[in-house]
Amino acid sequence: MSLQDTLQTLEVFCELDENEIAEVAQIVMEKDVPVGQPLFVEAMKGETLFIVLEGTASVTRKLEDGREVQLYVAEGGDFLGSLSLFEPGERRVSAKTIEPSKILIIRRKDFLKLADKSPKTAFRFAFELVRASLEKLNDMAEVHVETIEALKKA
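As a starting point, this report considers the structure included with it. Note that the structure is predicted; figures quoted are calculated from it, not measured. (Residues numbered from 1 in each chain as written. Predicted model: local features only at pLDDT ≥ 70, side-chain atom pairs only at ≥ 80, totals over all residues. Heavy atoms only, no water.)

## Description of the sheet that holds strand E2 (residues 38-40)
In space, the 4 strands of this open sheet follow the order E2-E9-E5-E6, with antiparallel pairing throughout. Each edge of the sheet is formed by a strand with only one pairing partner; in this case those strands are E2 and strand E6 (68-74). Each strand of the sheet is rotated relative to its neighbour by a mean of 30 degrees, with strand direction disregarded. (Pairing = 2+ DSSP bridges. Helix = DSSP H or I, 4+ residues; strand = E, 2+ residues; numbered from the N terminus. Axes fitted to C-alpha atoms, helices over the stretch in contact; angles between N-to-C directions.)

## A word on the sheet that holds strand E7 (residues 79-80)
The strand order across the open sheet built from 4 strands is E1-E10-E4-E7, with neighbouring strands paired in antiparallel fashion. Among the strands making up the open sheet, the edge pair consists of strand E1 (29-33) and E7. Inspection of the sheet shows E1 paired to strand E10 (residues 101-107) by 5 bridges, in the antiparallel sense. Looking across to E10, one finds that methionine 29 is bridged to isoleucine 105.

## A look at helix H3 (residues 108-117)
Here H3 has its buried residues at Asp110, Phe111 and Leu114. The buried residues of H3 all sit within an arc of 100 degrees when viewed along its axis, so they share a single face. Facing away from the buried side of H3 by over 90 degrees, the exposed positions are Lys113 and Asp116. (Buried < 20%, exposed > 50% of the residue type's maximum accessible area, 1.4 Å probe, protein only. Arc of directions from axis to C-beta.)

## What about the packing of aromatic side chains?
The final tally for this structure, using the stated rule, is 5 aromatic pairs. Taking the centre distance of 5.6 Å and the plane angle of 35 degrees together, the rings of phenylalanine 40 and phenylalanine 50 count as tilted. Of this pair, phenylalanine 40 sits in strand E2 while phenylalanine 50 sits in strand E4 (residues 48-54), and the two are 10 residues apart along the sequence. The class of phenylalanine 40 is buried, set by a relative accessible area of 4%. The interplanar angle of 90 degrees and the centroid separation of 5.8 Å between the aromatic rings of phenylalanine 86 and phenylalanine 111 together place this pair among those described as edge-to-face. Here phenylalanine 86 is found in the loop between E7 and strand E8 (89-90), whereas its partner phenylalanine 111 is found in helix H3, with 25 residues between them in sequence. Classification of phenylalanine 86 as partly exposed rests on a relative accessible area of 34%. Joined through ring pairs, the aromatic side chains of Phe13, Phe86, Phe111 and Phe125 make up one cluster. Its end group placed over the ring of phenylalanine 40, arginine 91 keeps NZ or CZ at 4.1 Å from the ring centre. (Phe/Tyr/Trp six-rings, centres within 6.5 Å; stacked < 30°, edge-to-face > 60°. Lys NZ or Arg CZ within 6 Å of the ring centre and 35° of its normal.)

## So, the nonpolar core
In this structure, Leu7, Phe13, Leu49, Ile106 and Phe125 are the most contacted members of the largest nonpolar core, which totals 24 residues. Among the secondary structure elements, those contributing two or more residues to this core are helix H2 (18-25), E4, E10, H3 and helix H4 (119-153). With 5 residues, the top contributor of residues to this core is H4. Once residues lying within four places of it in the same chain are set aside, the contact partners of leucine 49 are Phe79, Leu80, Gly81, Ser82, Ser84, Leu85, Leu104, Ile105, Ile106, Phe125 and Leu129. Grouped together as the second largest cluster of nonpolar side chains are 13 residues, Phe40, Ala74, Leu80 and Ala95 included. (Core = buried A, V, L, I, M, F, W, Y, C linked by side-chain atoms within 4.5 Å. Contact = heavy atoms within 4.5 Å.)

Given below as structure tokens:
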């Protein structure tokens, strides 16, 4: 399967047309990542979007007392670090693979070049990325509300 075909199967790219997918594919790098490999670490500068194509990655955050808590597990099609495409800053969480994974990578500098070359494509991709991020946050919030309600009844 070509990279363009692969991108078309992912939610964040599903609304882009064939030409837009081809333009985005030019800035995507594909990487095989072994188990236990950090994708990024909390407090490091974030300038890269990661999309888990195959495998899983654990997303964690350190507490003030030094303990690390797992926030969620990213699986096929999930993306990490989307804000870094728009505004580089310190990572608020860490992510590392928990099984051998295939990861797609889009660097901020390459996204900005795409935006200069093809603003419409960059805008449509950014729009889908934001839409998918908001859906993901909504889903996570619903799970947390359900958990809190269950704990109140216990």
